[in-house]
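# Secondary and tertiary structure notes
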Amino acid sequence: MARMLTFNIFRFNPQDEGSKPKMQTFKIEETDSMTLFIALHKIREEQDPSLMFDFCCRAGICGACGMIINGRPELACHTKTKDLPKVTTLMPLPVFKLVGDLSVDTGTWFRQMYQNSESWIHTNKEFDPNAPEERMSNETANAIYDLDRCIECGCCVASCGTARMRPEFMAPAGLMRVARFMVDPRDQRDSEDFYEIIGSDEGVFGCMGLLACEDTCPKDLPLQDQLGYLRKKMGITAIKHLIPGRKG
Amino acid sequence: MSSKHLRTGHVRSFSRMDGYLDFFQMLSGIGLILFMWSHMFFVATVLLSPRLFNFVAWLFEATYMANVAGVIIAMILISHFILAARKMPFKRNEFGEITKHALLINHKDTWKWLIQVVSGMIILVMGLAHVWVVLSAEPMNIGGKELIISATSSASRVANGWLLYYMVLLLVVEVHIGIGFYRLGVKWGYISRETRPFWKRIELAVTASFIVLGVAVLYTLLKYSEVSGI
Amino acid sequence: MKTIYTDLLCVGAGLAGERVAVEAAQAGHSVICLSIVPARRSHSSAAQGGMQAALGNSIMGEGDNPDIHFEDTVKGSDWGADQEVARMFTEAAPIEMRRLAHWGVPWNRIVPGEQTYYKGGKPFTAVEKEENEGLIHSRAFGGTAKWRTCYAADGTGHSVLYTLDNKIAELGVEVHDKVEAISLIHDGKHCYGAIVRCLKTGELSKYIAKATLIATGGFGRIYRNSTNAVINDGGGTIIALDTGVVPLANMEAIQFHPTGIVPTDILVTEGCRGDGGTLLDKDKHRFMPDYEPDKAELASRDVVSRRMTEHMAKGKGVESPYGTHLWLDIRHLGEKHIKTKLREVEEICNYFLGVDPITELIPVRPTQHYCMGGIRTNKDGATYGLKGLFSAGEAACWDMHGFNRLGGNSLSETVVAGGIVGDKIVEFLDKFTGEVSTKAADKAYKKATEKVEKLLAEAGQSGGESVYAIREEMFDILEQAAFIYRNGKDLEQAVEKLQALLKKSEGIKLLSNGKGASPEMALAIKMQGMIKLAQCVCYGALKRTESRGSHTREDFPERNDQVWLNRTLATWKEGEYLPTLSYEEASPYYEMPPGERGYGDGKIIQADLDKLPKKPTKSKKSKAGE
């Protein structure tokens, strides 16, 4: 027998004066291979067309559908209902501005992050269309790609206690972005340059090591190891200046 | 801050201060952990014999280590608190947000951090009070030596209403230390994704062992007070 | 109401839109990109496989050059491509890959020495040259003579999009996300921007621009089963068609991907087959070599999709609660290969199916995948009907794909075309002297507001049509008539039904109150446009009485170069229920005259080759006869 699934969903439409924040319950019958992508669309199309949520690629690649699923920030599209209990609570990601119901505005947050973290290759080399490409070892390419896999779903940001308390904190996603450029030999910035970006309590020293990011990242990015590496590297960059005889 | 234009606050001034502060937070933390472990091993000598305890106490006192260390430890404790306070949720909305956050997301390490914040505040008050009480006590004549710290004076405090106080202090200190040393390892990259489960078990084991050890010390002191009729 | 002015308005911030934006911003023009989702969620990010460019660095791509790439592309298009455009594309692609490398894309690189690769499921070794160490690597993709597809593990689209969006951030281009252009501002001759609905608040704004680019990707979501992201519902294509003067081209040319997983139709990359994955039937028999002895699983997409459908029709498919499917087998590639080179594939199978591809078979079936057709542009990316309106990427029919595009060519097209069209837009903007028409903007705004206000006023009233029910009807019609195999009878019915559905859709009323970011409102605004796109597909398919590339008519199985070596153009006049079709020559000249593709074994009714326009004489060499 198919299970009857219950979803308790956060409801609020800030654009509608008549809307008050509340939890609303929906019931649907489970079908084989059902994911939250299928379930939520079923609810919208059959029960409440006003229900707001975000999906895009529905394949875990684009990061649109981050939400809190039974207390855990997750991508809804790759959450199979067979892995869920009979009653599931769905909440929008915190930290980001609410658009409505389960939909939040991650775009604005991340675009600000690109500026704060200077998320691009810094180089004074000009591109020469007639020259062959600059060489790079495949290992380096893979190392960059490994950190470039972030899909900006916002789960790490939403799970981060520091980000929740301190809006100016760069959050795991911002710090990881800097780590991505640190391993890229095409970027000419050195440790001192990176220190200017993340060497503060708004940057890596603000991280309190709660590891909620590490535990929730749907892409399994090496957050813990990278954040530790960044703190050590930036710590050393700072401490070097305390050693007498070194130029400050 | 030599440049006057920075005084306006309109120019972002580059500073390494946050790096230094974070580094010293770690150093002070490590210092306190090492001290607390040594402290526990010292008081645990009472398990072997009260005379050994008194002998070690005499060593510290005769070399004035006890007084000097007491003052230094108190200062480190206060510094550590001030350094760590940079991250604490002192503003009402901050505390509200982090509590709601912990309630929203189902995540143990986040709860552990809250425990650390609360235990840190308790330690600041109870720990300093403890240092003050111990070091300002009237010296007693134990085996011909004038001692401020002795098995007898400790036993008498435990027997005369301080037991609960020490039970609480023991618990908060060990929990704080356990979480603290795990978190230091994580924050500074010495505990990796791969070794994290291992260190979590170590954290638990160390915390539990020290609590057991502490309880045993308190029990021994209580017994000692009965035996010696204090 | 906000009015925002800019030099260039890019509707769509995927690879094509952002590549154009970079070009314009670097030339000093103000640019605003609009995106229905945060830009990096654009569907470009989902393209896993790679980008074709004839770099010829890898040993399996040795000797490759733009000529061979051109031939593959034209053959792949079944001679439907604009050969001048295909030429421009193949020449520019290698430079573009290098440019992307300079900007930060972590292309996989050549590791010298003996390497193990796979072809047709069997491993073989090849020695990569020492002197090519560290140059951009390439992998195999269907329908190509050489291994030509540059890749960044299997997140090529993701990595390139992130790199371009970083570039955008560096250049300070404004990106407005969670907004949707719902109509174009134009006076019948020029386009001056768009009316835009905010998907956070529901507000409408005027974006007034000297030049407007539509780069909103494909319209695959007019089909029920599609590998496309849910945002690919043709919004940009619809607003171009709605002008009544801008033609869409080759709308009947829809590609189906052989390997969408069952049931969610998520695409697993062609890289699986390129790296040696095989297709099996219900008896675990590898059937592709029976049909295509030479290329087997690596024949072009339309051929593989058709063979799969054919094989399932013979009763060789696997029955499941979600219909018939086949198996994709990549087990023999090994854990290491799957976990590095095909990591996204491994994730998709585990996360969405609960299948471990290292030990289990993946259920797959052909599913809608790509729209070769779209807004017709010339080689500069300018649309036919309106000055100042451009298009690039999947939204456009620039037309290097003709009736079938090769895997890896479309992703490559986004950036290559983006660069070329961007350059032309800069020229256009530099020469721009006229005034933008605020009158046209007011008119467009008024019309859009009336439409939205009518929907809001009638929201919740009884007796209306449900937008979701209407969409289901459209899905049914397309599935029945305009899937892989098509025939005149079904298509005629579909055309009739879609006319009736378009009428019916005039009675759509919202069930919810439609306030704010209402998803129901967003769909209701474009539902009629979607039906029109569906009609363009069906009507074009009905009229095209031949089989070419992915357009397969059971009743006209041969490719008819005598009559149909051309491109369908569809415009839609206001108040009509059918598009107006006309036709233009497929290519301004035929550097490569129509011939055999070498796979698919379709019959050809030959054109009179002497009468076809030849390439102007300044060309370096003729490819005739190959």
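In this report, the structure presented in the accompanying data block is examined. (Residues numbered from 1 in each chain as written. Chains lettered and ligands numbered in written order. Predicted model: local features only at pLDDT ≥ 70, side-chain atom pairs only at ≥ 80, totals over all residues. Heavy atoms only, no water.)

## Overview of the interface of chain B and chain A
On the chain A side, the residues contacting the 37 residues of chain B number 44 residues. Carbon and sulfur atoms make up 55% of the surface buried where chain B meets chain A, a total of about 3,600 Å² over both sides. If you sort the residues of chain B by the area they bury against chain A, B:R16, B:L104 and B:R193 come out on top, with a joint share of 20%. One can count eight salt bridges joining chain B with chain A. With a shortest N-O distance of 2.7 Å, B:R193 and A:E214 are connected by a salt bridge. Linking chain B to chain A there are 24 residue pairs in polar contact (both at pLDDT 80 or more). (Contact = heavy atoms within 4.5 Å. Buried area = accessible area lost by both parts, 1.4 Å probe. Salt bridge = Lys/Arg side-chain N within 4 Å of Asp/Glu carboxyl O. Polar contact = N/O pair within 3.5 Å; in protein donor to acceptor, adjacent residues only side chain to side chain.)

## Details of the pairing of strand β12 (residues 254-261) of chain C
Residues and elements named next belong to chain C. Taken across its eight residues, β12 has eight buried, putting it largely inside the fold. Relative to strand β15 (residues 362-371), β12 runs antiparallel, the two sharing six bridges. Paired with F256 across the two strands is Q368, which belongs to β15. (Buried < 20%, exposed > 50% of the residue type's maximum accessible area, 1.4 Å probe, protein only. Helix = DSSP H or I, 4+ residues; strand = E, 2+ residues; numbered from the N terminus. Pairing = 2+ DSSP bridges.)

## Description of the packing of helix α3 (residues 65-85) of chain B against helix α5 (residues 108-135) of chain B
Residues and elements named next belong to chain B. At a minimum axis separation of 11 Å, α3 and α5 run at an interaxial angle of 165°. Between α3 and α5, the crossing angle belongs to the class labelled roughly antiparallel. Crossing of α3 over α5 shows left-handed handedness. Here α3 contributes A66, G70, A74, L77, I78 and F81 to the contact with α5, which in turn contributes G120, M121, I123, L124, L128, V131 and L135. Within the contact of α3 with α5, the residues separate by chemical class into eleven nonpolar, two polar and no charged. (Axes fitted to C-alpha atoms, helices over the stretch in contact; angles between N-to-C directions. Parallel < 35°, antiparallel > 145°, perpendicular 65-115°, else oblique. Left-handed = near helix turned anticlockwise from the far one by under 90°. Nonpolar A, V, L, I, M, F, W, Y, C, P; charged D, E, K, R; others polar.)

## Some points on unusual backbone geometry
Geometrically, the link from C:V262 to C:P263 is a cis peptide bond, its omega value of 15° lying close to zero. Take C:P263: it is sitting in the loop between β12 and α6 (271-274). We note that A:L211 has phi near 65°; this positive angle belongs to a residue other than glycine. Looking at the secondary structure, you find A:L211 in the loop between α7 (191-198) and α8 (212-216). Judged by relative accessible area, A:L211 falls into the buried class, the value being 5%.

## Here we look at the packing of aromatic side chains
One pass over the structure, following the stated rule, counts 30 aromatic pairs over all chains. Seen in terms of ring centroids, A:Y195 and A:F205 are 6.1 Å apart; in terms of plane orientation they differ by 55°. Their pairing is tilted. Residue A:Y195 is located in helix α7, and its partner A:F205 is located in the loop between α7 and α8; the two are separated by ten residues in the primary sequence. Ring centres of C:Y223 and C:F256 lie 6.0 Å apart, and the angle between their planes is 90°; on these two criteria the pair is classed as edge-to-face. With a gap of 33 residues between them, C:Y223 in the loop between β10 (204-214) and α5 (235-241) and C:F256 in strand β12 connect regions that are remote in the sequence. Judged by its relative accessible area of 2%, C:Y223 falls in the buried class. These aromatic residues form a ring-pair network of at least three members: B:W37, B:F41, B:F181, B:F198, B:W199 and B:F210. Sitting over the ring of B:W188, A:R231 keeps its end group 5.7 Å from the ring centre. The ring of B:Y182 has B:K112 sitting right over it, with the charged end atom 4.8 Å from the ring centre. (Phe/Tyr/Trp six-rings, centres within 6.5 Å; stacked < 30°, edge-to-face > 60°. Lys NZ or Arg CZ within 6 Å of the ring centre and 35° of its normal.)

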